[in-house]
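Examination of the molecular architecture
Residue-level listing of the chains:
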Amino acid sequence: MFGLGTQEMLIILVLVMIVFGAGKLPQVGTALGSGLKNFKKGMKEGVEEAQIVDESDKPAV
């Protein structure tokens, strides 16, 4: 995963625990997941909109 080994992942996890605290981790995870879901949804809608615009620009044969 991104070329990170076990030691690097543990260091990142410890830093996140220090910054946010153990009590806030579920909230941070939920917010991150929600943001990622909305980003993917927006990207999908953008692609669909681009395809619709592309089709309307084609001349009628």
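Look above for the structure.
A brief report on the enclosed structure follows. (Residues numbered from 1 in each chain as written. Predicted model: local features only at pLDDT ≥ 70, side-chain atom pairs only at ≥ 80, totals over all residues. Heavy atoms only, no water.)

Considering the overall build of the chain
Across its full length, the chain carries two helices and zero strands. For the chain, buried positions account for 0% of its 61 residues. Approximately 5700 Å² of the chain is accessible, and the part contributed by carbon and sulfur atoms is 67%. (Helix = DSSP H or I, 4+ residues; strand = E, 2+ residues; numbered from the N terminus. Buried < 20%, exposed > 50% of the residue type's maximum accessible area, 1.4 Å probe, protein only. Areas by Shrake-Rupley, 256 points an atom, 1.4 Å probe, with all protein chains shown as cover.)

Description of a nonpolar patch on the surface
Taken together, Ile11, Val14, Leu15, Ile18, Val19 and Phe20 make up a surface patch of nonpolar side chains, about 610 Å² in accessible area. Mapped onto the fold, leucine 15 is located in helix α1 (residues 6-20). (Patch = residues over 30% accessible without salt bridge, like charges linked within 9 Å, V, L, I, M, F, W, Y side chains within 5 Å. Salt bridge = Lys/Arg side-chain N within 4 Å of Asp/Glu carboxyl O.)

The values reported here are purely geometric and, on their own, carry no functional implication.
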